[in-house]
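# Descriptive structure summary
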Amino acid sequence: MKEILKRLKSPVVIAQLVSIVASLIVTLVPEFQGTMDKIVYSITVIINVFAGVNNPTDQNNF
């Protein structure tokens, strides 16, 4: 449980959760699809930037 809470502090995880919720909203309320598609696309770009600059072999540095 502590590991999950630790991961929730990550901006990447927060962005992923927002993206997932936005996708769920599109599923439940199709009228919001245009707006939510833009949000999900933007968040995906942000996640890709974080993934590109992250060095998973060095836990002390981003």
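Below, the structure is looked at part by part. (Residues numbered from 1 in each chain as written. Predicted model: local features only at pLDDT ≥ 70, side-chain atom pairs only at ≥ 80, totals over all residues. Heavy atoms only, no water.)

Further remarks concern helix H3 (residues 33-53). Here H3 is 21 residues long and its end C-alpha atoms lie 30 Å apart, about the 30 Å a rise of 1.5 Å per residue gives. The set of residues buried in H3 consists of Met 36, Val 40, Ile 43 and Ile 47. Projected down its long axis, H3 shows its buried positions confined to an angular sector of 70 degrees, all on one face. What points out from H3, more than 90 degrees from its buried face, is the exposed set Thr 35, Lys 38, Tyr 41, Asn 48, Gly 52 and Val 53. Looking at the buried side of H3, the elements it contacts are helix H2 (11-28). (Helix = DSSP H or I, 4+ residues; strand = E, 2+ residues; numbered from the N terminus. Expected span 1.5 Å × (residues − 1). Buried < 20%, exposed > 50% of the residue type's maximum accessible area, 1.4 Å probe, protein only. Arc of directions from axis to C-beta. Contact = heavy atoms within 4.5 Å.)

What follows concerns the packing of H2 against H3. Closest axis-to-axis distance for the H2/H3 pair is 9 Å, and the angle between their directions is 160 degrees. Relative to H3, H2 is oriented roughly antiparallel. The element H2 and its partner H3 pack so that their crossing is left-handed. In contact with Pro 11, Val 12, Ala 15, Gln 16, Val 18, Ser 19, Ala 22, Ser 23, Ile 25 and Val 26 of H2, H3 contributes Gln 33, Met 36, Ile 39, Val 40, Ile 43, Ile 47 and Phe 50. In terms of residue class, the contact of H2 with H3 is made up of 13 nonpolar, four polar and no charged. (Axes fitted to C-alpha atoms, helices over the stretch in contact; angles between N-to-C directions. Parallel < 35°, antiparallel > 145°, perpendicular 65-115°, else oblique. Left-handed = near helix turned anticlockwise from the far one by under 90°. Nonpolar A, V, L, I, M, F, W, Y, C, P; charged D, E, K, R; others polar.)

A few words now on the pattern of salt bridges. Counted by the stated rule, this structure contains one salt bridge. Between Glu 3 and Arg 7 there is a salt bridge, and its shortest N-O distance comes to 3.3 Å. Of this pair, Glu 3 and Arg 7 both sit in helix H1 (residues 2-8), four residues apart, which is roughly one turn of that helix. Exposure remark for Arg 7: the relative accessible area of 53% places this residue in the exposed category. (Salt bridge = Lys/Arg side-chain N within 4 Å of Asp/Glu carboxyl O.)

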